Amino acid sequence: MNPDSCQDPLSSLFMQRFYQNYFKDFEIVCKENGREGLQWLMDGNIPDGIMVDYSMPVMNGFDFIASYTAFFEHHAPIIMVSGEEDNDAIISCLTAGAQ
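Quantities reported herein were computed from a predicted structural model and do not represent experimental measurements.

Examining the side chain of Asn33
Note on placement: Asn33 falls in the loop between helix 1 (9-22) and helix 2 (34-42). A polar contact is formed between the side chain of Asn33 and the backbone nitrogen of Glu36, at a distance of 2.8 Å.

Now the structure itself:
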């Protein structure tokens, strides 16, 4: 699946450009929210890395990371991207497993 499957066109454009420049050799899968992303992983898909936003709809980035790391014994590196300025939220995500 391509990043242009994301609902938000601006985010999709940003992701396409970002991945084209830095992750050319990887297949990119984009899900509309944290719950869909977690379900995709629970369906047996194994990524090389995961990028999430703290403010994702339905299931935020912290809840996604906490659920993912609790459910899977071995997990891919998780990168949190966000405009979140709350230090407690940032620390919580790092503690949960974000990098």
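Okay, back to it.
As for the packing of aromatic side chains
Each aromatic ring pair is specified by the distance between its two centres and by the angle formed by the two planes. In this structure the tally under the stated criterion is three aromatic pairs. For the ring pair Phe64 and Tyr68, a centre distance of 6.0 Å and an interplane angle of 10 degrees mean the geometry is stacked. Remark: Tyr68 and Phe64 occur in helix 3 (residues 61-71); sequence separation between them is four residues, near one turn of the helix. The exposure class assigned to Tyr68 is buried, which follows from its relative accessible area of 3%.

So, the pairing of strand 1 (residues 50-53)
Alternating residues of strand 1 divide into Ile50 and Val52, all buried, and Met51 and Asp53, none buried. Relative to strand 2 (residues 78-81), strand 1 runs parallel, the two being bridged by four bridges. Note on strand 2: the bridge partner recorded for Met51 is Ile79. Each parallel crossover has a hand, and for strand 1 linked through helix 3 to strand 2 it is right-handed.

Quick look at the packing of helix 2 against helix 3
Their axes nearest at 10 Å, the elements helix 2 and helix 3 cross at an angle of 15 degrees. Judged by the angle between their axes, helix 2 and helix 3 are roughly parallel. Considering only the axes of helix 2 and helix 3, their crossing is right-handed. Touching Gly34, Gly37, Leu38, Leu41 and Met42 of helix 2 are Phe64, Ser67, Tyr68 and Phe71, all from helix 3. Along the lines of polarity and charge, the residues of the contact of helix 2 with helix 3 split into six nonpolar, three polar and no charged.

Analysis parameters
- Here the residue index of a chain counts from 1 through its sequence in written order.
- Where totals are concerned, whole chains, interfaces and linings use all residues; where local detail is concerned, this predicted model gives features only for residues with pLDDT of at least 70, and gives and counts side-chain atom pairs only at 80 or more.
- Side-chain descriptors were evaluated using all non-hydrogen atoms of the structure, hydrogens and water having been removed beforehand.
- A run of DSSP states H or I qualifies as a helix once it reaches four residues; a run of E qualifies as a strand once it reaches two. Both are numbered from the N-terminal end.
- Definition of a polar contact: a pair of N or O atoms within 3.5 Å, with one able to donate and the other able to accept a hydrogen when the atoms are protein atoms, and with sequence-neighbouring residues admitted only if both atoms are side-chain atoms.
- Think of it this way: a Phe, Tyr or Trp ring, Trp meaning its six-membered ring, pairs with another when their centres are within 6.5 Å, and the plane angle makes it stacked under 30 degrees, edge-to-face over 60, tilted otherwise.
- Any residue under 20% of the maximum accessible area for its type is buried, any over 50% is exposed, and the rest in between are partly exposed; the area is computed with a 1.4 Å probe on protein chains only.
- Two strands qualify as a pair provided that DSSP identifies no fewer than 2 bridges between them.
- If the strands point away from the viewer and the path from the first strand over the helix to the second runs clockwise, then the crossover is right-handed.
- In this description, a line fitted to the C-alpha atoms serves as the axis of each element, helices being fitted only across the stretch in contact, and the angle between N-to-C directions of two axes falls anywhere from 0 to 180 degrees.
- Note on terminology: angles under 35 degrees are roughly parallel, angles over 145 are roughly antiparallel, angles of 65 to 115 are roughly perpendicular, and the others are oblique.
- Two helices crossing with the near one rotated counterclockwise from the far one by less than a right angle form a left-handed crossing, whereas a clockwise rotation gives a right-handed crossing.
- Working rule for contacts: check all heavy atoms of both residues, and any pair within 4.5 Å makes them a contact.
- Following the grouping adopted for this structure description, the nonpolar residues are Ala, Val, Leu, Ile, Met, Phe, Trp, Tyr, Cys and Pro, the charged ones are Asp, Glu, Lys and Arg, and the polar ones are all others, Gly among them.

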